[in-house]
Amino acid sequence: MNKRILVLALIALFCISQVEGLRHSGKRNRNSGGSSNSGSTTNDNETTENTENTESTTSDTSDDSTTSTSDVESVLLTLHNNLRSKFGIDSLTWSSSLASAAQTWSDKMASTGTFKHSGTDGVGENIAYGTARVYDASDLFGFWSSESKYFISGADYPDVSTTGSALDVAHYTQILWSKTTEVGCGLAESSSGLNYLTCQYSPQGNIIGQAVY
């Protein structure tokens, strides 16, 4: 009888030992899994920091490129003429007098924070504005050229828009206007960080009853 009790007691102790071993093993596995998540979080943070640095560097470079008057002239004249060439329209030439007037008006808008046309007689005029660290001269030009999606080719002005309103394509048609021969533009940044772009055209376009090209 005593031997039987001793055997049962040993069996009981063995079972308890195995259960405790399994409990400890489970705790170790859960803790190990938790530590691997910490490493993943560190990698995510490193990626985010690198992305922010890249964006900051890109923005700084963009700002530098918009400060030169000669760069503005080169970029905008090329954009105008590339668009006109798609329709076989003669290239524009750069007018220093139009550029001077356009620069004066962009400076005015930037200093007053007012976005409106100058009202200059005898010239066509396109204006645009946007956050300086996001929109440079070519981006602002893109606002005008994007009106192409509504443009009706071969029609006389103002029946040139699929929307029924010539105002929806008026910037685009002025860029393409075949009787326009000169352009001049000016870009100015306000103290609040906005870029204002003005382009003036001679002779002016968007004449009622005439073809765009």
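The paragraphs below set out a description of the structure included in this document. (Residues numbered from 1 in each chain as written. Predicted model: local features only at pLDDT ≥ 70, side-chain atom pairs only at ≥ 80, totals over all residues. Heavy atoms only, no water.)

Under the counting rule described, the total for this entry stands at one disulfide. Here C185 pairs with C199 through a disulfide, and the sulfurs are 2.1 Å apart. The sign of the S-S torsion, about 110 degrees, decides the handedness of the disulfide formed by C185 and C199: right-handed. Placement of the pair is C185 in strand β3 (residues 182-189) and C199 in strand β4 (residues 194-202), with a sequence separation of 14 residues. Overall, the relative accessible area of 4% leaves C185 in the buried class. In this structure C199 comes out as buried when scored by relative accessible area, which is 0%. (Disulfide = S-S within 2.5 Å. Helix = DSSP H or I, 4+ residues; strand = E, 2+ residues; numbered from the N terminus. Buried < 20%, exposed > 50% of the residue type's maximum accessible area, 1.4 Å probe, protein only.)

Before going further, it helps to examine the sheet that holds β4. In a beta sheet, neighbouring strands are held together by backbone hydrogen bonds and run either parallel or antiparallel to one another. The four strands lie next to each other as β1-β3-β4-β2, forming an open sheet whose pairing is mixed. The open sheet has two free edges, formed respectively by β1 (93-94) and β2 (124-131), since each of these has just one partner strand. As paired elements, β2 and β4 share eight bridges and run antiparallel to each other. Bridged to I127 within β4 is T198. Docked against the sheet, helix α2 (residues 69-85) engages β1, β3 and β4, running at close to 130 degrees with respect to β3. Helix α3 (residues 96-112) rests against β1, β2, β3 and β4 of the sheet, and its axis sits at about 25 degrees to β3. (Pairing = 2+ DSSP bridges. Contact = heavy atoms within 4.5 Å. Axes fitted to C-alpha atoms, helices over the stretch in contact; angles between N-to-C directions.)

This next bit is on the packing of aromatic side chains. On inspection of all chains with the given rule, the structure shows eight aromatic pairs. Centroid distance F141 to W144: 6.0 Å. Interplanar angle 65 degrees. Geometry classified as edge-to-face. In this pair, F141 and W144 both sit in helix α4 (residues 137-145), three residues apart, roughly one turn of the helix. For W144, a relative accessible area of 2% corresponds to the buried category. Aromatic side chains Y157 and W177 sit 6.1 Å apart centroid to centroid with 85 degrees between the ring planes, which places their arrangement in the edge-to-face category. (Phe/Tyr/Trp six-rings, centres within 6.5 Å; stacked < 30°, edge-to-face > 60°.)

Moving on: the packing of α2 against α4. A packed helix pair is summarised by two numbers, namely the angle formed by the two axes and the spacing between the axes. Running from N to C, α2 and α4 cross one another at 30 degrees; their axes reach a closest spacing of 10 Å. Classified by the interaxial angle, the pair formed by α2 and α4 is roughly parallel. Crossing geometry of α2 relative to α4 is assigned as right-handed. Together, V75, L76, L79, H80 and L83 of α2 and A137, S138, F141 and S145 of α4 make up the contact between the two elements. Of the residues assigned to the contact of α2 with α4, the class counts are six nonpolar, three polar and no charged. (Parallel < 35°, antiparallel > 145°, perpendicular 65-115°, else oblique. Left-handed = near helix turned anticlockwise from the far one by under 90°. Nonpolar A, V, L, I, M, F, W, Y, C, P; charged D, E, K, R; others polar.)

On to the pairing of β4. Taking burial as the measure, the nine residues of β4 include seven buried ones, the bulk of the element. In the sheet, β3 pairs with β4 via eight bridges, with the strands oriented antiparallel. Residue pairing across strands places A188 opposite Y196, the latter belonging to β4. Counting the residues in the hairpin turn of β3 and β4 gives four residues, including G193, whose phi is positive at 90 degrees.

So, about unusual backbone geometry. For the peptide bond that leads from Y157 to P158, omega is 15 degrees, which places it in the cis range. By secondary structure assignment, the location of P158 is in the loop between α4 and α5 (170-176). Of the consecutive residues S202 and P203, the connecting peptide bond is found in the cis state with omega at -15 degrees. Topologically, P203 is positioned in the segment after β4. One non-glycine residue with positive phi stands out, namely N206, at about 60 degrees. Looking at the secondary structure, you find N206 in the segment after β4.

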